[in-house]
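Observations on the model geometry
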Amino acid sequence: MNASPVSSPEAPISGRSTRPDAIVLVLAVAGITAALMQTLVVPIIGELPTLLNTSKSNASWVITATLLAAAVATPVSGRLGDLYGKRQVMLVCAVLLVVGSVVCATAGGVVAMIVGRALQGSAMGLVPLGISAMRDLLPPEKLGKSVALMSASMGIGGALGLPISAAIAEHTNWHVLFWFATAMAVLVLVMIATLVPPTRISASGSFDVLGAVGLGAGLICFLLAVSKGADWGWSSAATISLFVAAVVILLAWGAFELRSDNPLVDLRVTARPVVLLTNVASVVIGFAMYSNSLILPQLLQLPSATGYGLGQSMMQMGLWMLPGGIMMMLISPVGAKVSAARGPKITLALGSTIVAVGYAAAVLGMGSTWTLLIGICVINAGVGMAYGAMPALIMGSVPISETASANSFNTLMRSVGTSVSAAVIGVVLAQMTTSFGGYELPSKSGFQVGLWIGAIVALVAAAIAMTIPTSASKAAESHLEHPETAEGEPAAL
């Protein structure tokens, strides 16, 4: 599978003169839709064993399959986008999203549902591909704000998905939930096909099949151990074997990639200080972001008779979480302005610090829905700023021929952070419990510890961000605003 670079600049110039606002709208909707699929089944998780006539253990694969497919497909789709065109690969992702949604909507059993959810997860490449396509298609003055919005779409989609899916699941048959997903996926496919111009192909070489298989195998072993460790036991043979296998496979994969002429992920570029530190910060901020999504919905829904639960229904919980997604959308252009003035390094550090403040506010505001809402909005405002800064740092520090691949790897790092967050917070809430009505529920102190962990981790992300070289951070922002000044190597190394 060989790809030759396209030397003609007509594609990006055409894209820049053709409805840039429409392009931003389409790509943002695509990213939000892909992210929405991650929280789509949250309202029916407890009912899945009954709905699919299967065991609780088997039903949990409906969640796990999406996580694993997204982790494997994201870096693959990024590299394919660099080699064969970002628009073409986005169309493939949209088709996978349509097919997966239809399979879920018509599923009569757990196997079909798992297959459909895996296909939906495979479409997560829409987010990093959309970010990279913006660099080719948008005028410099719109690029910073648009990239920030697209990057924040992962959080926006997750927040919007909760109330929408809760409303549908509460008032209609569960199959309607996936027909809604199908309609959204078809809309995204049509919009990309009709409104997004082709992008320049600046990479050459062949697709690294062995590298993709190796990375996929290593990620599956690691994420499977993380997501299933609590069920299987953290000291069980299965969990430990998977962790060991992940380390061995990923080390072998890294050695292979360093010797490859056309690697799936250029580890030498990834090792550059800006890219490396941004990816490390992405893991940590992904952890901090997801802790909010794990803790606060449970706190909102626990019975008020517990003395700390807020007694909200699933639908009400979704509505209380909704302003967080809106806050991300509103704050992303503010983050872009901070990046333009001070550099994306400062935006990343500031956003992470705001996340920590939001967690502290959530601890203090646990007593009522309105005070807790303050914490929700502050946390998500910080996440919106931090998420918007990451692609600015990445794209300004890698060759233009590797923007989709590098953004996809950064998105993968965020996903790793969310997976580790699910495991850690899950252990905390499972260990710190109280008895209520014959059931073991997470205790008030368990929620408080979980929230403080989120705050501490966010401060760690801010500290990591501050170690990014300042001159490289400013050069990255300048290069992002003026991508036409360099075709091969980035402005900041």
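Residues numbered from 1 in each chain as written. Predicted model: local features only at pLDDT ≥ 70, side-chain atom pairs only at ≥ 80, totals over all residues. Heavy atoms only, no water.

1. Thoughts on the overall build of the protein
- Regarding its fold elements, the protein presents 20 helices and four strands.
- What you see for the protein is a C-alpha radius of gyration of 21 Å, in line with the 23 Å of a compact globule of 493 residues.
- Seen through its principal axes, the protein has C-alpha atoms that stretch 70 × 45 × 45 Å.
- In the protein, which comprises 493 residues, the share counted as buried stands at 58%. (Helix = DSSP H or I, 4+ residues; strand = E, 2+ residues; numbered from the N terminus. Rg over C-alpha atoms; globule rule 2.2 N^0.38 Å. Buried < 20%, exposed > 50% of the residue type's maximum accessible area, 1.4 Å probe, protein only.)

2. Section: empty space enclosed by the protein
- The tally for this structure, following the rule as stated, stands at two cavities of 30 Å³ or more.
- Approximately 90 Å³ is the volume found for the largest cavity.
- Lining the largest cavity are Val265, Asp266, Val269, Thr270, Val275, Asn279, Ile394, Val398, Glu402, Ser405, Ala406 and Phe409.
- Going through the elements one at a time, helix H13 (267-270), helix H14 (273-301) and helix H18 (403-431) are the ones with two or more residues in the lining of the largest cavity.
- The leading source of residues in the lining of the largest cavity is H18, at three residues. (1 Å grid on protein atoms, 1.4 Å probe; cavity = no way out; pocket = protein on both sides within 12 Å on 5 of 7 lines; lining within 4 Å. Points joined across faces, edges and corners; volume = space filled by probe spheres on them.)

3. A closer look at the confidence of the model for the protein
- Per-residue pLDDT for the protein has a mean of 84; in total, 92% of the residues score no lower than 70.
- Low pLDDT, under 50, characterises residues 1-16; the stretch is placed with 38 contacts to residues that sit more than four places away or in other chains.
- pLDDT under 50 marks residues 484-493. Its contacts with residues more than four places away, or in other chains, come to 26 contacts. (pLDDT = per-residue confidence, 0-100. Contact = heavy atoms within 4.5 Å.)

4. Describing the packing of aromatic side chains
- Scanning the entire structure with this criterion turns up four aromatic pairs.
- Note on Phe222 and Phe243: the rings are 6.1 Å apart at their centroids and 65° apart in plane angle, and the pair reads as edge-to-face. A residue pair is termed long-range when its members are at least 10 positions apart, and Phe222 in helix H11 (residues 209-232) and Phe243 in helix H12 (residues 237-259) qualify at 21 residues.
- When the ring centre of Trp61 is taken as reference, the NZ or CZ atom of Lys228 above it lies at 4.7 Å. (Phe/Tyr/Trp six-rings, centres within 6.5 Å; stacked < 30°, edge-to-face > 60°. Lys NZ or Arg CZ within 6 Å of the ring centre and 35° of its normal.)

5. Thoughts on unusual backbone geometry
- Not every positive phi belongs to a glycine, and Asn53 is a case in point at roughly 55°.
- Looking at the element boundaries, Asn53 is found in the loop between helix H3 (48-51) and helix H4 (56-59).

6. A short note on helix H19 (residues 444-466)
- An ideal rise of 1.5 Å per residue puts 33 Å on 23 residues; H19 measures up with 34 Å between its terminal C-alpha atoms.
- The set of residues buried in H19 consists of Gly446, Phe447, Gly450, Leu451, Gly454, Ala455, Val457, Ala458, Ala461, Ala462, Ile464 and Ala465.
- Those residues of H19 that are buried lie in contact with H14, helix H16 (344-364), H18 and strand E4 (439-442). (Expected span 1.5 Å × (residues − 1).)

7. So, helix H5 (residues 61-84)
- Taking 1.5 Å per residue, 24 residues should reach 34 Å; H5 reaches 32 Å between its end C-alpha atoms and fits that length.
- The largest bend in H5 amounts to roughly 30° and is located at Ala73, with the proline Pro75 lying one to four residues further along.
- The buried fraction of H5 is high, at 18 of 24 residues.
- Following H5 by one or two positions, Gly85 adopts a phi angle in the positive range, close to 110°. (Bend = angle between axes of the 7 residues up to and from the residue.)

8. Details of the side chain of Arg117
- Position of Arg117 among the secondary structure elements: in helix H7 (residues 110-121).
- Of the side chains with opposite charge, Glu47 lies nearest to the buried Arg117, which makes no salt bridge, at 15 Å.
- With near-sequence residues (within four places) excluded, Arg117 lies in contact with Met37, Gln38, Leu40, Val41, Val62, Thr66, Cys104 and Phe178. (Lys, Arg positive; Asp, Glu negative; His and termini not counted. Salt bridge = Lys/Arg side-chain N within 4 Å of Asp/Glu carboxyl O.)

9. A word on the environment of Gly335
- Inspection of the secondary structure puts Gly335 in helix H15 (residues 314-342).
- Separated by 51 residues in the primary sequence, Gly335 and Ala386 place their C-alpha atoms 7.8 Å from one another.
- Ignoring any residue separated from it by four or fewer positions in sequence, one finds Gly335 in contact with Thr347 and Met385.

10. Side note on the nonpolar core
- Core analysis: the largest hydrophobic core is formed by 110 residues, its most contacted members being Phe178, Ile192 and Leu348.
- If sequence neighbours within four positions are ignored, Ile192 has contacts with Val26, Ala30, Arg87, Met90, Leu91 and Leu126.
- Of all hydrophobic cores here, the second largest spans 22 residues; its members include Val76, Leu215, Leu242 and Trp253. (Core = buried A, V, L, I, M, F, W, Y, C linked by side-chain atoms within 4.5 Å.)

11. Some thoughts on the pairing of strand E3 (residues 433-436)
- Pairing analysis gives four bridges linking E3 to E4, with the strands arranged antiparallel. Looking across to E4, one finds that Ser435 is bridged to Glu440.
- Joining the antiparallel neighbours E3 and E4 is a turn of two residues, in which Gly437 adopts a positive phi near 60°. (Pairing = 2+ DSSP bridges.)

12. A few points about the packing of helix H2 (residues 20-39) against helix H9 (residues 140-171)
- Where H2 contacts H9, the two axes come as close as 7 Å, and the packing angle between them is 35°. Along this stretch, H2 crosses H9, giving a crossing that reads as right-handed. (Axes fitted to C-alpha atoms, helices over the stretch in contact; angles between N-to-C directions. Left-handed = near helix turned anticlockwise from the far one by under 90°.)

13. Some words on the pattern of salt bridges
- For the coordinates displayed, the defined rule picks out two salt bridges.
- With a closest N to O distance of 2.9 Å, Asp21 and Lys142 form a salt bridge. Of the two residues, Asp21 is situated in helix H2 and Lys142 in helix H9; the sequence distance between them amounts to 121 residues.
- Assessed through its relative accessible area of 51%, Asp21 is described here as exposed.
- The partner of Lys86 in a salt bridge is Asp136, with the nearest N and O atoms 2.9 Å apart. Here Lys86 is found in helix H6 (residues 86-105), whereas its partner Asp136 is found in helix H8 (residues 126-137), with 50 residues between them in sequence. Asp136 carries the same exposure label as Lys86, and that label is buried.

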